[in-house]
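Inside the fold
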Amino acid sequence: MLWNRMAHRNLVILTGAGVSAESGVPTFRADDGLWMGHRIEDVATPEAFARDPALVQDFYNRRRRQLATVHPNAAHHALAELAARWEGDFLLVTQNVDDLHDRAHAANPPAAGFELIHMHGELLKAHCAATGRICDWTGDLAVHEPSPHHPQGRLRPHIVWFGEMPLQMDRIEAALARCDLFVAIGTSGAVYPAAGFVELARHAGARTVEINLEPTMGRRRFDEGLYGPATETVPAFCDNL
């Protein structure tokens, strides 16, 4: 369908692993429940980092190196093009820790009302375990990488692990409370709090759209669903919008 752009001034889009999968970025959890060959409990919790920092640092070092081998796909570029010409407020919230959205937007700078939030952190950043301060980090992190922010501190991946609060939730919830259109792209809708975003948007009176490879278990909570590869469905949706 064609959308009335003037009726949808405030846009919130949530993206998940399905957006980056066609670029070659592994999805979060495979059919066997493992993440790149590891149990989630062994590489994605604060307890795992305390128990075996060498394993955790190596896991994210390998993921960080992999980013140099992948590139934004048509879905990332379509969202960047939409952000460049969107005349209202546009908040793009991603659950992905890769930098593919960032690269797409760098190549096509967004309009003034655009903001990008990595709610689960970023692979190319590190943060000080002692102070919480964040710094850019493109190389490997050593097992006990010293922090530049604290004499006794060490750096850890800037990743939101299980048991930790996603980033900038106040900003995200405020945008959802005033949005006219909410779109979830390439996300399973099974992990909270992101899975609850559609209900917050519906409560605000927003129209809600799910774009995914196939319908999710939360399909009934959306007004509309578009299904197929992200590199096909997202550009088509953005063109109509």
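Residues numbered from 1 in each chain as written. Predicted model: local features only at pLDDT ≥ 70, side-chain atom pairs only at ≥ 80, totals over all residues. Heavy atoms only, no water.

Digging into the sheet that holds strand β4 (residues 89-94)
What links the strands of a sheet is backbone hydrogen bonding, and the strands pair in either a parallel or an antiparallel sense. Rule in force here: Here, a strand pair is defined by DSSP locating no fewer than two bridges between the strands. Strands are runs of DSSP state E lasting at least two residues, helices are runs of H or I lasting at least four, and both sets are numbered from the N terminus onward. Structural elements are reduced to axes, namely lines fitted to C-alpha atoms, with helices fitted over the stretch in contact, and the angle between N-to-C directions of any two is expressed from 0 to 180 degrees. Two residues qualify as a contact provided that any one of their heavy atoms is within 4.5 Å of a heavy atom in the partner residue.
With parallel pairing, six strands are arranged side by side in an open sheet as β5-β4-β1-β9-β10-β11. With one partner strand each, in any of the chains shown, β5 (114-118) and β11 (224-227) form the two edges of the open sheet. Here the strands of the sheet are splayed against their neighbours by 15° on average, with no regard to which way each runs. Bridging between strand β1 (residues 10-15) and β4 involves six bridges; their strand directions are parallel. Looking across to β4, one finds that Ile13 is bridged to Leu92. Seen against the sheet, helix α5 (residues 74-85) touches β1, β4, β5 and β9 (181-185) and runs at an angle of roughly 160° to β1. Lying on the sheet, helix α6 (residues 100-107) is in contact with β1, β4 and β5; it crosses β5 at an angle near 160°.

Some words on the UniProt feature "active site" (unreviewed entry) in the protein
The test is simple: UniProt positions are given in the numbering used here, feature names are shortened, and annotations may be inferred rather than shown by experiment. In this scheme, a residue with accessible area under 20% of its type's maximum is buried, one over 50% is exposed, and one in between is partly exposed, where area comes from a 1.4 Å probe on protein chains only. Polar contact is the term for a pair of N or O atoms within 3.5 Å; when the atoms are in protein, one must be able to donate a hydrogen and the other to accept it, and sequence-neighboring residues count only if both atoms are side-chain atoms.
Summarizing the sequence annotation, UniProt attributes the feature "active site" (unreviewed entry) to His120 in the numbering used throughout. Taking relative accessible area as the criterion, His120 reaches 17% and is therefore assigned buried. With sequence-adjacent residues up to four places away left out, His120 is seen in contact with Thr94, Gln95, Val97, His158, Ile159, Val160 and Pro166. Of note is the side chain of His120, whose polar atom sits 3.3 Å from the backbone oxygen of Gln95.

Side note on unusual backbone geometry
Geometrically, the link from Tyr192 to Pro193 is a cis peptide bond, its omega value of 10° lying close to zero. Mapped onto the fold, Pro193 is located in the loop between β9 and α8 (197-203). At Gln168, a residue that is not glycine, the phi angle is positive and equals roughly 55°. Following the sequence through the fold, Gln168 ends up in the loop between β8 (155-159) and α7 (169-176).

Re the pattern of salt bridges
Note the cut-off: What counts as a salt bridge is simple: a side-chain nitrogen of Lys or Arg found within 4 Å of a carboxyl oxygen of Asp or Glu.
Scanning the entire structure with this criterion turns up 14 salt bridges. Put simply, Asp99 and Arg103 hold a salt bridge, and the shortest N to O gap is 3.0 Å. Its salt-bridge partner being Lys125, residue Asp136 comes within 2.8 Å of it at the nearest N-O pair. Taken together, the positions of Asp136 in strand β7 (residues 134-136) and Lys125 in strand β6 (residues 121-128) put the pair 11 residues apart, joining distant regions of the chain. On the accessibility criterion, Asp136 (59% relative accessible area) is exposed. Through salt bridges with shared partners, a single network forms among Arg39, Glu41, Asp42 and Arg51.

Topic: the sheet that holds β7
Read from one edge of the open sheet, three strands run β7-β6-β8, paired in antiparallel fashion. In the strand order of this sheet, the two ends are held by β7 and β8, each with one partner. Taken over all neighbouring pairs, the strand axes of this sheet differ in orientation by 45° on average, direction set aside. Where β6 and β8 come together, four bridges link them in antiparallel fashion. Looking at the pairing, Ala126 lines up with Pro157 of β8. Set on the sheet, helix α4 (residues 53-66) makes contact with β6 and β8; between it and β8 the angle comes to about 55°.

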